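Here's the letter readout for the chains.
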Amino acid sequence: MTLDKRLMPVLDGHPDVFEREWPLRVADIDRYGRLRLDAGARHVQDIGQDQLRELGFEDVHPLWIVRRTMMDVINPIEFRDLLRLRRWCSATSTRWCEKRVRIDGAKGGLIECEAFWININPNTLMPSRISDDFMEGLRRTTDVDRLRWHPYLRPGDRDTATEIHDYPVRFTDIDLFNHMNNAAYWGVVEDYLSATPQLLNAPLRVTIEHEAPVSLGEKLDIIAHVHPAGSTDEFGQGLVDRTVTTLTYAVGDETKAVASIFALQQPRHLQIRSP
């Protein structure tokens, strides 16, 4: 699998697809009214917690960390919309799984997500085996039971960077692990998109892979690379015809995370509105 992978379609009507609805609120939008990516990542976390609670496994498997999140902005979701979120399992292993989330706006907006979640033992803080009864529920929506971790991205070099800038880690970015929360990493992408708004003019895929945690007080640098079309086959054969931007999150010489941004093929039936 590479960055050009196809996400598993939603299983409409399946009893094990978990569903919730809530309104899009003002704290989750940019100045144009668009649902921001960091807010979308929080929604992905929130419906996961809601599902754990609903299924009665919040105490059995209370801690999960995300290793990779892939988010496709097919059509922007805008302010005052009602969000419909559906979540289901698309692949499993003994200690981790991939979860799909589809976010539909009532006005036609659409975001598709896939996240690689690792079950963490709350005492050892190490990956832990998923209980048999929880695993039984995961397997009801997928027949992929040998999921393995394979990175799609590699860090960019400082010497060849298009741009390097620092990104301040705030106290409000820190979670219960005493590390920067997953959603805060997406704020870095939003910061980059604010300076390159043309990237939002078409359906967009953004992927973030986490290598090591970021702590409060660390000097976080964002190292940007723009890979032109014709040089991007390393990200997947289906991407050789388009530009891929990567953002490397680094503290000194240590890579903390890597993000990629590129345009998806635009479906003919969707109208993409610029900010």
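Placed above this text is the structure.
These figures come from a predicted structure and were not determined experimentally.

Novice: Explain the nonpolar core to me, please; I cannot follow it from the model alone.
Specialist: Soluble globular proteins tend to pack their nonpolar side chains together in the buried interior. Within the largest apolar cluster, 56 residues are counted, with the highest numbers of intra-cluster contacts made by Val189, Leu220, Leu247 and Tyr249. Broken down by element, this core gets its largest block of residues, 8 residues, from helix 3 (residues 182-195). Judged by nonpolar contacts, the second largest core, of 13 residues, contains Leu3, Leu7, Leu153 and Leu239.

Novice: Can you help me understand the side chain of Thr92 in this one?
Specialist: Along the polypeptide, Thr92 turns up in strand 3 (residues 82-92). Thr92 gets classed as buried once you look at its relative accessible area, which sits at 0%. Ignoring anything within four residues of it in the chain, the contact list for Thr92 reads Cys97, Met135, Leu138, Arg139, Thr142, Val144, Asp145, Arg146 and Leu147.

Novice: Help me out: how do you make sense of the sheet that holds strand 7 (residues 204-210) in this one?
Specialist: The strands making up a sheet associate through hydrogen bonds between their backbones, and the pairing can be parallel or antiparallel. With respect to topology, 10 strands assemble into an open sheet ordered 1-3-4-5-2-7-10-9-8-6, the strand pairing being antiparallel. Edge strands, defined here as strands with exactly one partner in the open sheet, are strand 1 (18-23) and strand 6 (163-167). Here the average twist between neighbouring strands, direction ignored, is 20 degrees. Note that strand 2 (residues 63-75) and strand 5 (residues 110-120) share 11 bridges and pair antiparallel. In the sheet register, Ile65 faces strand 5, and the bridge partner there is Ile118. Packed onto the sheet, helix 1 (residues 37-55) meets strand 1, strand 2, strand 3, strand 4 (96-105), strand 5 and strand 7 and runs at close to 130 degrees relative to strand 1.

About the thresholds
Residues numbered from 1 in each chain as written. Predicted model: local features only at pLDDT ≥ 70, side-chain atom pairs only at ≥ 80, totals over all residues. Heavy atoms only, no water. Core = buried A, V, L, I, M, F, W, Y, C linked by side-chain atoms within 4.5 Å. Buried < 20%, exposed > 50% of the residue type's maximum accessible area, 1.4 Å probe, protein only. Helix = DSSP H or I, 4+ residues; strand = E, 2+ residues; numbered from the N terminus. Contact = heavy atoms within 4.5 Å. Pairing = 2+ DSSP bridges. Axes fitted to C-alpha atoms, helices over the stretch in contact; angles between N-to-C directions.

Remember that the coordinates give geometry; whether it matters functionally is a separate question.
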